[in-house]
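Residue-level structure breakdown
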Amino acid sequence: MKIGVLVSEGPYTHQAADTAYKFVTAALAAGHEVPRVFFYHDGVNVATRLSVPPQDERHIQQNWTALAKEHGIDLVVCIAAAQRRGMLDENEANRQGKDASNIAEGFRISGLGQLIEMGIQTDRLVTFGD
Amino acid sequence: MKIGVLVSEGPYTHQAADTAYKFVTAALAAGHEVPRVFFYHDGVNVATRLSVPPQDERHIQQNWTALAKEHGIDLVVCIAAAQRRGMLDENEANRQGKDASNIAEGFRISGLGQLIEMGIQTDRLVTFGD
Amino acid sequence: MSDVKKFLYLNRRAPYGTIYALESLEVVLIGAAFEQDVALAFVDDGVFQLTKGQNTDGIGVKNFSPTFRALGDYDVQKLYVERESLEERGLSEDDLMEVVYEDEDDDWEEKPAIRVISRAEMADVMADADVVLSF
Amino acid sequence: MSDVKKFLYLNRRAPYGTIYALESLEVVLIGAAFEQDVALAFVDDGVFQLTKGQNTDGIGVKNFSPTFRALGDYDVQKLYVERESLEERGLSEDDLMEVVYEDEDDDWEEKPAIRVISRAEMADVMADADVVLSF
Amino acid sequence: MSTLHTVNKSPFTTQALVSCLNHAKPGDAILMIEDGVYGGLGGTGLTEIIAEFGKNVSLYVLSPDLAARGFDAGRLIGEVEGVDYDGFVDLVTKHDRTQAWL
Amino acid sequence: MSTLHTVNKSPFTTQALVSCLNHAKPGDAILMIEDGVYGGLGGTGLTEIIAEFGKNVSLYVLSPDLAARGFDAGRLIGEVEGVDYDGFVDLVTKHDRTQAWL
């Protein structure tokens, strides 16, 4: 079955990104497809490559990047939500005249249409938020 | 009177940073001192200089930077909370081996001791959070 | 038409204190272009999103409530509001803004898009959706 | 001693679902170095922070509850827990972990740091603070 | 000695206001801000209990937050007074401490 | 056709679980996750109302979240069953849609 996932809260502050990660891992292990995970609201903050959690804690961004690479998951960060919150990839940084970017490998910035498309093309949509 | 302010939530997602800004502006106008504003939890995200809000919306980071400059307010971002969430100044980025920083002018990264110190040295502490 | 799914946008939070109401509306506007069957549900504090007379000048935050009135232009025709949620909050339909759409099946007559329904009917609306997006 | 203020850390949220409990504890540990009068209050869902037997292996999040037991070493001696909050949640003092400190005024005897008090007493604790930090 | 309590959550969604009311002491003040201002509305399922507490503590709402949400002072419970940000600052200074119910 | 509802908030803090119970239909399932797992505890002020609803809908808690918070299955209401992440996935696929009560 195709399962789409929406993550609506930022890393560490809320458990949403952790629960979603565990859920996606289990869904893949059970033989389901997770073609895309969409990051919205503060969920866009999961994509930062500048996070430096304590050594004895999980690295949420790196976990997602690795899982996506292994299973070909499309990690999409909402552009409108990301701009407000200061999450930019290199293209966006250049376009906006900013001197730095912070999006990690494996995540791509795109529009809300990708969320709707995920809703249309998957059999289930599961939301993790606050 | 000396009033210390604690901001505990991120920009745009929660109203906390907006209410705190209005409150501090009013406190200064009434002749009070606001020596320091401490940003903790997701509040550290207020300090990003990469935010690009829509043209018709307020720019929360720039508002704080301008207010702090005009009135000499010490804007302190908690280092532990910031590291988890990917908020780094240039020193921290170098120290952590990261290729970019994102802290805006007017904010400085420091420890939680600055919050305790603010509690000791001010007459009132006002918290804005979720 | 077999590709048309029923999208339900579930709004349970008040405006301005958090961004969810605004960012929910941004999804609705983008989603309108996909020609799916769209409905919005306002339950619990979500009903506060539709109060008329919102004026955000004093808080320095953008007033996005006029966007609801533009939903008809995007062919969003169903804004379900739960009666029990209104009543618990001391509100009546008179406290809500007016949202209309033009009914193409009825000579483009202007009709109200806001439909106050009971909790039981709201449960039916929810159970009828293919995709529920919660904000 | 005139510079000593009474700091009250007010904890009203459950652990793990959000980070507030953990980050509150980080402030307490740093704050202990400042030689102020420190007390922690656990009210509403905050009482869940102190349950014993927490095991986070399954959720991939760090179990920070052992840190509470170390508070005595930081000379944090007062963890006030509201009885009514416990009761509403079906909890008793037996469900809480043990936190002790060594009383320097009583020959360094080990004493329990957790003090279950009534809601009225909790209101007194709050009203007695100079600085309240809410998490 | 008295406390200014701030509540920024809707009382229809969370327990913050009720918990605050349960711990406030006579002479304290409660200022409802942000989504908390809904707690000041008359004619709701909570009006009676809030008005009852209002006999011992002073109740305020932050007027700019009330206006943002489409209501004016006419909709408030009689025991609740509107203040602007200047009034917020005054309340902070008049009371000995501020306690946030997040 | 049936729905899997997810609730991730403590029922002692927010109205999410009660609102969910008020809208769930017979045959639906409710999975309590994260801080929502406290809703499955027996002997609380809410146990009775939750057990009553449990006659019409299936109630689950995510066991890893329950263990994280220091409780085991023995503390659950009789009507509530524990599942792990695999069980979560099964519940998602068995029901026709998933609705989050945030």
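Everything here concerns the structure above.
First things first, this report covers the structure right here in the doc. Every chain begins its residue count from 1, and numbering advances along the sequence as written. Each chain is given a letter, starting from A, and each ligand a number, starting from 1, according to the order in which they appear as written. pLDDT decides what is reported in this predicted model: residues at 70 or higher carry local features, side-chain atom pairs at 80 or more are listed and counted, and totals for whole chains, interfaces and linings draw on all residues regardless. Side-chain measures here rest on the full set of heavy atoms in the structure, leaving out hydrogens and waters.

A short note on the overall build of chain A
Scanning chain A from terminus to terminus reveals five helices and five strands. Secondary structure is summarised from DSSP: a helix means a run of H or I of at least four residues, a strand means a run of E of at least two, and numbering begins at the N terminus for each. Listed by position from the N terminus, the elements making up chain A come as β-α-β-α-β-α-α-β-α-β. We compute the radius of gyration from the C-alpha atoms alone; for a globule the expected value is 2.2 Å times N to the 0.38, where N is the number of residues. Relative to the globule expectation of 14 Å for 130 residues, the C-alpha radius of gyration of chain A, 14 Å, shows essentially globular dimensions. Dimensions of chain A, computed from the C-alpha atoms along their principal axes, are close to 45 × 35 × 25 Å. Buried residues are those whose accessible area, probed at 1.4 Å on protein chains only, stays under 20% of the maximum for their type, while exposed residues exceed 50% and partly exposed ones sit between those limits. Residues classed as buried in chain A amount to 70% of the 130 residues present. When checking whether two residues touch, look at their non-hydrogen atoms; a contact exists if any pair is within 4.5 Å. Considering only contacts within chain A whose residues lie at least 6 apart along the sequence, 79% involve residues at least 24 apart. Carbon and sulfur atoms provide 42% of the accessible area of chain A, an area that totals close to 4100 Å². Put simply, chain A has 12 plus and 16 minus side-chain charges, and the middle of one group is 4 Å from the middle of the other. Accessible areas in this description were obtained via Shrake-Rupley with a 1.4 Å probe; residue shielding takes into account the shown protein chains only. Positive charges come from Lys and Arg alone, negative charges from Asp and Glu alone, with His and the N- and C-terminal ends not counted. Charge placement uses NZ in Lys and CZ in Arg. For Asp and Glu, CG and CD serve respectively.

Remarks on the interface of chain B and chain C
With nine residues of chain B at the contact, the number on the chain C side is eleven residues. When the buried area of chain B at its contact with chain C is split by residue, Thr-13, Gln-15 and Lys-22 of chain B rank highest and sum to 47% of it. In what follows, salt bridge is the name for a side-chain nitrogen of Lys or Arg lying within 4 Å of a carboxyl oxygen of Asp or Glu. Remark: the boundary between chain B and chain C carries one salt bridge. Here Lys-62 of chain C makes a salt bridge to Asp-56 of chain B, at a shortest N to O gap of 2.9 Å. Think of a polar contact as two N or O atoms within 3.5 Å of one another; within protein, one of them needs to be a possible hydrogen donor and the other a possible acceptor, and neighboring residues in sequence only count if both atoms come from side chains. Along the contact surface separating chain B from chain C lie three residue pairs in polar contact (both at pLDDT 80 or more). Under the convention adopted here, Pro, Cys and the residues Ala, Val, Leu, Ile, Met, Phe, Trp and Tyr are nonpolar, Asp, Glu, Lys and Arg are charged, and Gly plus all remaining residues are polar. Of the residues contributing to the side of chain B that touches chain C, the split by class is one nonpolar, three polar and five charged. We define buried area as the total accessible area lost by two parts upon association, computed with a 1.4 Å probe and summed across both.

What about the interface of chain A and chain B?
Every contact between the two is made by 24 residues of chain A and, on the other side, 24 residues of chain B. Overall, the association of chain A and chain B removes approximately 2300 Å² of surface from exposure, summing both partners, and the carbon and sulfur fraction of that is 49%. Among the residues of chain A in contact with chain B, Leu-50, Val-52 and Arg-84 of chain A are the three that bury the most area, contributing 30% of the side total. Our count for the chain A to chain B interface comes out at four salt bridges. Among the ionic pairs, Glu-57 of chain A bridges to Arg-84 of chain B, the shortest N-O distance being 3.3 Å. Between chain A and chain B we count 14 residue pairs in polar contact (both at pLDDT 80 or more) in total.

Side note on the relation of the copies chain A and chain B
The two copies are related by a screw motion: chain A maps onto chain B through a turn of 180 degrees and a shift of 0.0 Å along the axis, at an RMSD of 0.0 Å. Between the two chains, the operation in question is that of a two-fold axis. The position closest to the rotation axis in chain A is occupied by the C-alpha of Ala-100 of chain A, lying 3.0 Å away. Of the residues that chain A buries at the interface, 100% are likewise interface residues in chain B, meaning the two copies contact each other through the same surface. Superposing the copies works by least squares over the C-alpha atoms of residues that have pLDDT at least 70 in both of them.

Some thoughts on the sheet that holds strand E3 (residues 58-62) of chain F
All names here are of chain F. One bridge is not enough; two strands pair if DSSP finds at least two bridges between them. Pairing in this open sheet of five strands is parallel, and the strands run E4-E3-E2-E1-E5 from one edge to the other. A single partner strand is all that each edge strand has here, and the edge strands are strand E4 (80-83) and strand E5 (97-101). Each strand axis lies, on average, 25 degrees off the axis of its neighbour in the sheet, ignoring direction. Sheet topology places strand E1 (residues 3-7) next to strand E2 (residues 29-32); four bridges connect them, and they run parallel. Note on E2: the bridge partner recorded for Leu-4 is Ala-29. Of the strands in this sheet, E1, E2, E3, E4 and E5 are in contact with helix H4 (residues 85-94), which crosses E1 at around 140 degrees. All axes are obtained by fitting lines to C-alpha atoms, using only the stretch in contact for helices, and the reported angles, taken between N-to-C directions, cover 0 to 180 degrees.

Observations concerning the sheet that holds strand E2 (residues 29-32) of chain E
All names here are of chain E. Read from one edge of the open sheet, five strands run E4-E3-E2-E1-E5, paired in parallel fashion. Since the sheet does not close on itself, it has two edges, and those belong to strand E4 (80-83) and strand E5 (97-101), each with one partner. Taken pair by pair, the neighbouring strands of this sheet meet at an average axis angle of 25 degrees, ignoring direction. When strand E3 (residues 58-62) meets E4, the two strands line up parallel, connected through four bridges. Each bridged residue has a counterpart across the sheet, and for Tyr-60 the counterpart in E4 is Glu-81.

Thoughts on the side chain of Glu-9 of chain B
Within the secondary structure, Glu-9 of chain B is located in the loop between strand E1 (3-7) and helix H1 (16-29). In this structure, Glu-9 of chain B is buried with no salt-bridge partner, the nearest side chain bearing the opposite charge being Arg-13 of chain D at 5.1 Å. Only 2.5 Å separates the side chain of Glu-9 of chain B from the side chain of Tyr-20 of chain D, close enough to count as a polar contact. Non-local contacts of Glu-9 of chain B, meaning those with residues more than four positions away in its chain, are made with His-14, Ala-16, Tyr-40, Asp-42, Gly-43, Val-46, Phe-128, Gly-129 and Asp-130 of chain B together with Tyr-20 of chain D.

Section: the arrangement of the chains
The pair of protein chains exhibiting the most contacts, out of twelve pairs of chains in contact, is chains A and B. The smallest C-alpha distance separating chain C from chain D is 17 Å, and no contact links them. With respect to C-alpha atoms, chain B approaches chain F no nearer than 13 Å, and the pair has no contact.

Notes on the nonpolar core
Nonpolar core, defined: a set of buried Ala, Val, Leu, Ile, Met, Phe, Trp, Tyr and Cys residues in which side-chain atoms within 4.5 Å join the residues together. The biggest cluster of nonpolar side chains holds 259 residues, and the ones touching the most others in it are Trp-64 of chain A together with Trp-64 of chain B. Contact partners of Trp-64 of chain B, with chain neighbours within four places excluded, come to Ala-17, Ala-20, Tyr-21, Val-24, Val-37, Phe-39, Val-46, Leu-75 and Phe-107 of chain B. Residues Leu-50, Leu-88 and Ala-93 of chain A together with Ala-100 of chain B belong to the second largest nonpolar core, which totals ten residues.

So, the packing of aromatic side chains
Only rings of Phe, Tyr and Trp enter the pairing, Trp through its six-membered ring, and a pair is recorded when the two centres are within 6.5 Å. The plane angle decides the type: under 30 degrees is stacked, over 60 is edge-to-face, the rest tilted. Applying the stated rule across the entire model yields 30 aromatic pairs over all chains. Relative to Trp-64 of chain B, the ring of Phe-39 of chain B has its centre 5.7 Å away and its plane inclined at 90 degrees; by these criteria the two rings are edge-to-face. Of the two residues, Phe-39 of chain B is situated in strand E2 (residues 36-39) and Trp-64 of chain B in helix H2 (residues 60-71); the sequence distance between them amounts to 25 residues. On the basis of an interplanar angle of 50 degrees and a centroid distance of 5.1 Å, the ring pair of Tyr-16 of chain D and Phe-64 of chain D is categorised as tilted. One end of the pair, Tyr-16 of chain D, is in the loop between strand E1 (6-11) and helix H1 (20-31); the other, Phe-64 of chain D, is in the loop between strand E2 (37-42) and helix H2 (66-69), and 48 residues separate them in sequence. An aromatic cluster is defined as three or more aromatic residues linked by ring pairs; in this entry it consists of Tyr-21, Phe-39, Trp-64 and Phe-107 of chain A. A ring is considered to have a charge above it if a Lys NZ or an Arg CZ atom is located within 6 Å of its centre and within 35 degrees of its normal. Across from the ring centre of Tyr-20 of chain C, 3.6 Å away, lies the NZ or CZ of Arg-13 of chain C, which sits over that ring.

Structural notes on the environment of Gln-96 of chain A
Tracing the backbone through its elements, the reader meets Gln-96 of chain A in helix H4 (residues 90-96). Overall, Gln-96 of chain A belongs to the partly exposed group, its relative accessible area being 27%. Sequence separation of Gln-96 of chain A and Ser-110 of chain A is 14 residues, and the distance between their C-alpha atoms is 15 Å. Those residues within four positions of Gln-96 of chain A in sequence are excluded, and the remaining contacts are Gln-83 of chain A together with Val-52 of chain B.

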